[in-house]
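# A structural walkthrough
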Amino acid sequence: MSKAEIPLPAGYRWRIGSVWDRPWVRRGLQATLQESFPEQKHWDHLEETLDRFFDPPRTPCWWILKEETGEPVGGVWAGISTDQATYQRVAYVFLLWVDPTHRRRGLGRALMQQVEQWGLQQQLAAITLQVYRHNQAALNFYKRTHFSVQGYWLYKPLGTAAKPEG
């Protein structure tokens, strides 16, 4: 796994993740989804996602810690996927999270640079991720970091089984 060498602002430091970080990843996933879906109250399904995909160092994660407390204020978790159009191996970002009180300091950019560095070391063709269309702040961030829309994720609910619990 790549050593985290991307520069950070003063007061922050890197920590390379491990299998022991599952609780942090779950909290990050829940926090990012809670921002997009504040009405959602149940997050137990995230355990299934972690069971299926969280496997450091195969699916690495990196954390930015607040220097004085060691508390995580940002993190990224990635894996390797296959682009269905080109059949190339690509990085897939499962989670990019920065605590709202630490945003707009370059931490998200540093986390994505870390994924980019890792992807280059793994000889991957690109970085891919999913973002909800109503998350304008994330869309603006990804646009500023040179991502482009490759397709659309479409959704059609099927009857009562598709209604979220709440």
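Scope of this entry: the structure provided in the associated data block.

Thresholds applied
Residues numbered from 1 in each chain as written. Predicted model: local features only at pLDDT ≥ 70, side-chain atom pairs only at ≥ 80, totals over all residues. Heavy atoms only, no water. Core = buried A, V, L, I, M, F, W, Y, C linked by side-chain atoms within 4.5 Å. Buried < 20%, exposed > 50% of the residue type's maximum accessible area, 1.4 Å probe, protein only. Helix = DSSP H or I, 4+ residues; strand = E, 2+ residues; numbered from the N terminus. Patch = residues over 30% accessible without salt bridge, like charges linked within 9 Å, V, L, I, M, F, W, Y side chains within 5 Å. Areas by Shrake-Rupley, 256 points an atom, 1.4 Å probe, with all protein chains shown as cover. Salt bridge = Lys/Arg side-chain N within 4 Å of Asp/Glu carboxyl O. Axes fitted to C-alpha atoms, helices over the stretch in contact; angles between N-to-C directions. Parallel < 35°, antiparallel > 145°, perpendicular 65-115°, else oblique. Left-handed = near helix turned anticlockwise from the far one by under 90°. Contact = heavy atoms within 4.5 Å. Nonpolar A, V, L, I, M, F, W, Y, C, P; charged D, E, K, R; others polar.

### A short note on the nonpolar core
- Residues Trp 14, Ile 64, Val 76, Leu 96, Leu 111 and Val 115 are the most contacted members of the largest nonpolar core, which totals 22 residues.
- For this core, the secondary structure elements donating two or more residues are β1 (12-16), β2 (61-66), β3 (72-82), β4 (89-98), α3 (107-121) and α4 (136-144).
- It is α3 that contributes the most residues to this core, six residues altogether.
- Counting residues in hydrophobic clusters, the runner-up holds 13 residues, among them Leu 33, Trp 77, Leu 95 and Trp 97.

### Overview of a nonpolar patch on the surface
- Taken together, Val 149, Tyr 152 and Leu 154 make up a surface patch of nonpolar side chains, about 450 Å² in accessible area.
- Counting through the fold element by element, Val 149 comes out in the segment after α4.
- Look at Val 149 and you get exposed, because its relative accessible area is 64%.

### Quick notes on the packing of α3 against α4
- The interhelical angle for the contact between α3 and α4, taken along N-to-C directions, is 55°, at an axis separation of 11 Å. Between α3 and α4, the angle falls in the class oblique. Read as a crossing pair, α3 and α4 show a hand that is right-handed. On α4, the residues touching Gly 108, Arg 109 and Met 112 of α3 are Phe 141, Tyr 142 and Arg 144.
- Grouping the constituent residues of the contact of α3 with α4 by class yields three nonpolar, one polar and two charged.

### Observations concerning the packing of helix α1 (residues 22-36) against helix α2 (residues 45-53)
- Two numbers describe how α1 lies on α2: the axes approach to 10 Å, and their chain directions differ by 130°. With respect to α2, the element α1 is oriented oblique. Handedness of the crossing formed by α1 with α2: right-handed. Residues Arg 22, Val 25, Arg 26, Leu 29, Gln 30 and Leu 33 of α1 lie in contact with α2, whose contacting residues are Leu 46, Glu 47, Leu 50 and Asp 51.
- Taken together, the residues of the contact of α1 with α2 sort by class into five nonpolar, one polar and four charged.

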